[in-house]
Amino acid sequence: MKTPILLLIALLAFPTIGFAKPNLTLHVFECGNIEVRDISMFSPGIDKGVTKELTNSCYLIRHEKGTMIWDTGFIDAIGENGAEGFGGMIKMTVTNPLSKQLAEININPADIDYIGISHFHGDHTGNTNLFSNAALLIQQAEYNAAFGPAPEKFGFNPPSYAQLDKSKFKILNGDHDVFGDGNVVIKSAPGHTPGHQMLYINLPESGPIVLSGDLYHFTKNRTHKRVPSFNFNKEQTLVAMEAIENFVKDENAQFWIQHDKEQNATIKHSPEFYK
Ligand SMILES: [Zn+2]
């Protein structure tokens, strides 16, 4: 009879035994700025010739079982003077290098365990070579495009991710629970690119958050479900939008649009963090 009594005492003393949430935090980094000279490239036929500023975001997830970087932004080398992109339709700048933001919180990129890239467009893979020790989490369809015969055809920039360790790749076919406890889950959402994916994080205090990848680039496109002209597959994109919106609603999750400058201005950035 001793064991049940001791167990009862233990449960009374530590009521969260068995269902305590793990230590889990989320840092947000500003990984560049984008001056868009004609925003209708994201919303065909709408707001032609209208300029708009977008931001670029990267994230660090620290879980008791490991660390993960989500997207790596523009390459730091772009710097303050910036560079033109998309045939002169955008101007990119980096005023606060990701490597510096990581150093500020004593993170060595070589120590990161996992790297999740929403998709392989150059504004999401810029600093990927910093994380060459990490295991890449990539959908099969994105892998086929990014490491196939013609990555450039998909708007990808192979030198930006050439130093990843292929022996550590984890090829996914759909959703993936990164740490096995349901609190950090990659959500498949193809269409923007062949294997576009998003990230769900369920934080102990802040609750569930979904990171958009490029399902939408700004809030107005989310409101009207507009699909950029350069998306890989419009129909797939619309299906993914509906599935993710249902998921966000069911989970009562916050939805953070990675490129939305106005929304990002309301979010805490590193060295502050969410827990
Ligand atoms: Zn993007």
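Residues numbered from 1 in each chain as written. Predicted model: local features only at pLDDT ≥ 70, side-chain atom pairs only at ≥ 80, totals over all residues. Heavy atoms only, no water.

1. Regarding the pattern of salt bridges
Phase 1 of the analysis: Under the counting rule described, the total for this entry stands at seven salt bridges.
Phase 2 of the analysis: With a shortest N-O distance of 2.8 Å, Lys220 and Asp47 are connected by a salt bridge. Separated by 173 residues along the polypeptide, Lys220 in helix 5 (residues 219-224) and Asp47 in the loop between strand 1 (24-36) and strand 2 (52-63) bring together distant segments of the chain.
Phase 3 of the analysis: Exposure remark for Asp47: the relative accessible area of 28% places this residue in the partly exposed category.
Phase 4 of the analysis: Here Asp175 ties to Lys187 by a salt bridge, and the two come within 2.9 Å at their closest N and O atoms. One end of the pair, Asp175, is in the loop between strand 8 (170-172) and strand 9 (176-177); the other, Lys187, is in strand 10 (residues 184-188), with twelve residues separating them in the sequence.
Phase 5 of the analysis: Classification of Asp175 by relative accessible area gives partly exposed; the value is 46%.
Phase 6 of the analysis: Residue Lys187 is classed as buried on the basis of its relative accessible area, which comes to 13%.
Phase 7 of the analysis: A single network of salt bridges, built from pairs that share partners, joins Glu35, Arg37 and Glu84. (Salt bridge = Lys/Arg side-chain N within 4 Å of Asp/Glu carboxyl O. Helix = DSSP H or I, 4+ residues; strand = E, 2+ residues; numbered from the N terminus. Buried < 20%, exposed > 50% of the residue type's maximum accessible area, 1.4 Å probe, protein only.)

2. Here's the deal with the sheet that holds strand 5 (residues 90-93)
Phase 1 of the analysis: Judged by pairing direction, the sheet is mixed, and its eight strands sit side by side in the order 4-5-1-2-3-6-7-8 without closing on themselves. Edge positions in the open sheet fall to strand 4 (83-85) and strand 8, since each of these has one partner strand only. Recorded for the sheet is a direction-independent mean angle of 25 degrees between the axes of neighbouring strands.
Phase 2 of the analysis: Where strand 2 lies against strand 3 (residues 66-70), five bridges are found, and the strand directions are antiparallel. (Pairing = 2+ DSSP bridges. Axes fitted to C-alpha atoms, helices over the stretch in contact; angles between N-to-C directions.)

3. Overview of the state of the cysteines
Phase 1 of the analysis: A complete count under the given rule lists one disulfide for this structure.
Phase 2 of the analysis: A disulfide bridge connects Cys31 with Cys58, and the sulfur atoms are separated by 2.1 Å. Residues Cys31 and Cys58 are joined by a disulfide whose S-S torsion is about -140 degrees; by sign, that bridge is left-handed. With Cys31 in strand 1 and Cys58 in strand 2, this residue pair connects regions lying 27 residues apart in the sequence. Pair check on accessibility: Cys31 and Cys58 agree, each one buried. (Disulfide = S-S within 2.5 Å.)

4. Here's the deal with the coordination of the zinc ion
Phase 1 of the analysis: For the zinc ion, the protein coordination sphere consists of Asp123 (OD), His124 (NE2), Asp214 (OD) and His259 (NE2), at 2.1 Å.
Phase 2 of the analysis: Every donor counted, the four donor atoms about the zinc ion form angles of 90 to 159 degrees at the centre, which fits irregular coordination. (Donors = N, O, S within 2.8 Å, 3.2 Å for Na, K, Ca; no water. Tetrahedral: all angles 85-135°; square planar, octahedral: opposite > 155°, others 65-115°.)

5. As for unusual backbone geometry
Phase 1 of the analysis: Going from Ser270 to Pro271, the amide bond is cis rather than trans, its omega being 15 degrees.
Phase 2 of the analysis: With respect to the helices, strands and loops of the structure, Pro271 is situated in the segment after helix 7 (261-264).
Phase 3 of the analysis: Unlike most non-glycine residues, Asp71 shows phi in positive territory, near 70 degrees.
Phase 4 of the analysis: Looking at where Asp71 falls in the secondary structure, it is placed in the loop between strand 3 and strand 4.
Phase 5 of the analysis: Overall, the relative accessible area of 0% leaves Asp71 in the buried class.
Phase 6 of the analysis: In the Ramachandran plot, Phe86 falls in the positive-phi region, its phi being about 55 degrees despite a non-glycine side chain.
Phase 7 of the analysis: With respect to the secondary-structure elements, Phe86 resides in the loop between strand 4 and strand 5.

The values are spatial; any link to function lies outside them.
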